[in-house]
Amino acid sequence: MSKSVTVFSLFLSLFICLGIYAHAIERIETPHDFLWGVALSEYQNSGAACCSDSNWSNWEKFLAEKSGNACDFWHNYADDITLMKQLGINSLRFSVEWCVIEPKEGKFSKAALNHYKEVCNALINAGITPMITLHHFVHPQWFEEKGGFEKRKNIKYFERFCVVVFKHLGDCVSLWCTINEPTIYAFQGYIRGVFPPGKTGRFPSAFRVLCNMLEAHTRVYHSLKALPHGDKAQVGFVHQYLVFQPYTSWNPLERIPGLLFNNLLNKSVLHFLKTGAFKVGIPILGSITYQAPPEKPIMDFIGLNYYSRALIKAQLSLTEPLIATHYPDEVMTDMPYAMYSQGLYKAIKDINQLKLPIYITENGIADANDDRRETFLREYLSAMGKAIAEGCDVRGYYYWLLMDNYEWDMGYSMKFGLYAVNRKTQERFLRPSAHYYKTIIKQTGDLA
Ligand code: BGC
């Protein structure tokens, strides 16, 4: 090989290395005490084996793929905390499972409450701040049989459960999320029918459920704040900011459902968060309203879940007239939506108008080949960084999620995890892309 070729290749490699390095060390300026975390939910990580008599364990009977014991987080939490430490995160958002804590109406399990106390203490000892979600799509079957959130009179059961949990854990946990994504719960369970109770096209029920969940959130917020440690607790509402966009802007078959879903699943809730007033409805079918007690705050922070936007396309089919899709030049995730980091920026800017602290309580990508996750993280984190640089009050970011888990109606096919899991041996394997998240967290720490 000639000398000039060797020198050229040396320069080229140096250039490439510098390029890669420069790419890897993009900086995100975050506020002091920023929480870098991962999020997960008990049911998705411990499965029906743990939460056996719930709306979800019963619904699974109709699904091809069962959750089993998932990644058995219930028993493996101590080792999983070690994995979290290895990532360098300083917060975990997780849900406590109502059906385990109150398996029979009014009968609370001391053992389950103690289990969660142990999890919280183990996290705190590892320097990881717990953030608890009180309802993440799952509740006891007895509550479901009473009509769940479709009945306003059932809110009191949820409120009582939340108070019991807070009394047990309020001394060591200061970050609380009441209900995860009420809009998605209502949409999947009462319009698409892919979550329990599996009702399809039941718009009035979906409105009722959403309305009752917002009232439940408000009542729980006020109850928790009135308890010992309540004054120090930060109690928030978790909203999935999901915008529906017609594939072709002039097509009424895409535009009209888009407007309807935007109103039902985003705007009505944002309006409620801003004003305490909720109103949703469809002409002819009627509307439903709720007014939170005026002059009182209804949350201390907003939990923003963001994945993508829903690009909807009409097709000639009576059973599925609308499908979620993507434009040809977009990079798809394994879910039926593309990467869309601009949407996260827009969502933060919009939510920031509430003038409350924001936590990105979920953001992640299903990527079985692990060939898009690093780009996803780079783009979405840089979108968040841009919003922070422009003054948005973002206090934390939680990647969804620690390890591959049960993705509801999609079973185990969707791989969101920073760790892959061998479910036979319960071994966890760090995915290469997780190094990027680790590096970002470390650099931000070094900058602080
Ligand atoms: C839910 C999670 C779910 C994730 C990814 C969110 O809507 O809160 O439970 O796994 O999206 O689809």
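The structure we're discussing is the one just above.
These remarks concern the structure in this document.

1. Concerning the overall build of the chain
(1) Moving on: Along the backbone of the chain there are 14 helices and 15 strands.
(2) Moving on: Against the compact-globule benchmark of 22 Å for 448 residues, the chain has a radius of gyration of 22 Å, which places it among compact chains.
(3) Moving on: In terms of overall dimensions, the chain has a C-alpha envelope of 85 × 55 × 45 Å along the principal axes.
(4) Moving on: Looking at the chain as a whole, 58% of its 448 residues are labelled buried.
(5) Moving on: The contacts in the chain between residues at least 6 apart in sequence include a share of 75% that link residues at least 24 apart.
(6) Moving on: In the structure as shown, the chain presents an accessible area of about 19000 Å², 58% of it carried by carbon and sulfur atoms.
(7) Moving on: Each charge class in the chain was averaged separately, 46 positive and 43 negative side chains, and the resulting centres sit 5 Å apart.

2. A few points about the state of the cysteines
(1) Moving on: Counting across every chain of the model gives zero disulfides.
(2) Moving on: In this structure Cys177 is not part of a disulfide, and its nearest cysteine sulfur, from Cys162, lies 12 Å away.
(3) Moving on: A residue is classified by how much of its surface remains accessible, and Cys177, at 0% relative accessible area, is buried.

3. Some words on the packing of helix H12 (residues 341–351) against helix H13 (residues 373–389)
(1) Moving on: At a minimum axis distance of 8 Å, the contact between H12 and H13 shows a crossing angle of 25 degrees. In terms of axis orientation, H12 runs roughly parallel to H13. Here H12 and H13 pass one another in a crossing that is right-handed. Between H12, through Ser341, Leu344, Tyr345 and Ile348, and H13, the contact on the second element is made entirely by Glu379, Tyr380, Ala383, Met384, Lys386 and Ala387.
(2) Moving on: Of the residues that constitute the contact of H12 with H13, the class distribution is seven nonpolar, one polar and two charged.

4. Description of the pattern of salt bridges
(1) Moving on: Taken as a whole, this structure holds 19 salt bridges when the rule is applied.
(2) Moving on: Between Asp370 and Arg373 there is a salt bridge whose closest N-O contact spans 2.6 Å. Taken as a pair, Asp370 and Arg373 share a single burial class, namely buried.
(3) Moving on: In this structure, a network of salt bridges that share partners links the residues Arg152, Glu159, Glu215 and Arg219.

5. A few points about the site of the ligand
(1) Moving on: In the region of the ligand, 13 residues are neighbours, and Gln44, His136, Glu181, Glu407 and Trp408 sit closest.
(2) Moving on: Side-chain polar atom of Glu407 to an oxygen atom of the ligand: 2.6 Å apart, as the coordinates give it.
(3) Moving on: The contact in question runs from an oxygen atom of the ligand to an N or O atom on the side chain of Trp408, over 2.9 Å.
(4) Moving on: Along the lines of polarity and charge, the residues of the shell around the ligand split into six nonpolar, four polar and three charged.

6. A closer look at the sheet that holds strand E11 (residues 322–325)
(1) Moving on: Read from one edge to the other, the open sheet built from three strands follows the order E6-E10-E11, with strand pairing classed as mixed. Both edges of this open sheet fall to strand E6 (244–246) and E11, since each of them pairs with a single strand only. Each adjacent strand pair in this sheet contributes to an overall mean axis angle of 40 degrees, direction not counted.
(2) Moving on: In terms of strand pairing, strand E10 (residues 310–314) meets E11 through four bridges, oriented antiparallel. For Ile312, the partnering residue across the bridge sits in E11 and is Ala324.

7. Observations regarding the packing of helix H9 (residues 182–190) against helix H10 (residues 203–226)
(1) Moving on: Look at H9 against H10: their axes get within 9 Å of each other, and the N-to-C directions meet at 155 degrees. In terms of orientation, H9 and H10 fall into the roughly antiparallel class. Judged by the twist between their axes, the crossing of H9 over H10 is right-handed. On the side of H9, the interface is formed by Pro182, Thr183, Tyr185, Ala186 and Tyr190, while H10 contributes Ser205, Ala206, Val209, Leu210 and Met213.

8. Quick notes on unusual backbone geometry
(1) Moving on: The peptide bond linking Pro196 to Pro197 adopts the cis configuration, its omega dihedral lying at 10 degrees.
(2) Moving on: Within the fold, Pro197 resides in the loop between H9 and H10.
(3) Moving on: Cis peptide bonds are those with omega within 30 degrees of zero, and the linkage from Trp400 to Leu401 qualifies with 10 degrees.
(4) Moving on: By the secondary structure assignment, Leu401 is in the loop between strand E13 (394–400) and strand E14 (419–422).
(5) Moving on: The backbone of Glu295 shows a phi angle near 65 degrees, a positive value even though the residue is not glycine.
(6) Moving on: If you trace the backbone, Glu295 turns up in the loop between strand E8 (286–291) and strand E9 (301–305).
(7) Moving on: Overall, Glu295 belongs to the exposed group, its relative accessible area being 83%.

Basis of the calculations
Residues numbered from 1 in each chain as written. Predicted model: local features only at pLDDT ≥ 70, side-chain atom pairs only at ≥ 80, totals over all residues. Heavy atoms only, no water. Helix = DSSP H or I, 4+ residues; strand = E, 2+ residues; numbered from the N terminus. Rg over C-alpha atoms; globule rule 2.2 N^0.38 Å. Buried < 20%, exposed > 50% of the residue type's maximum accessible area, 1.4 Å probe, protein only. Contact = heavy atoms within 4.5 Å. Areas by Shrake-Rupley, 256 points an atom, 1.4 Å probe, with all protein chains shown as cover. Lys, Arg positive; Asp, Glu negative; His and termini not counted. Charge placed at Lys NZ, Arg CZ, Asp CG, Glu CD. Disulfide = S-S within 2.5 Å. Axes fitted to C-alpha atoms, helices over the stretch in contact; angles between N-to-C directions. Parallel < 35°, antiparallel > 145°, perpendicular 65-115°, else oblique. Left-handed = near helix turned anticlockwise from the far one by under 90°. Nonpolar A, V, L, I, M, F, W, Y, C, P; charged D, E, K, R; others polar. Salt bridge = Lys/Arg side-chain N within 4 Å of Asp/Glu carboxyl O. Near = heavy atom within 4 Å. Polar contact = N/O pair within 3.5 Å; in protein donor to acceptor, adjacent residues only side chain to side chain. Pairing = 2+ DSSP bridges.

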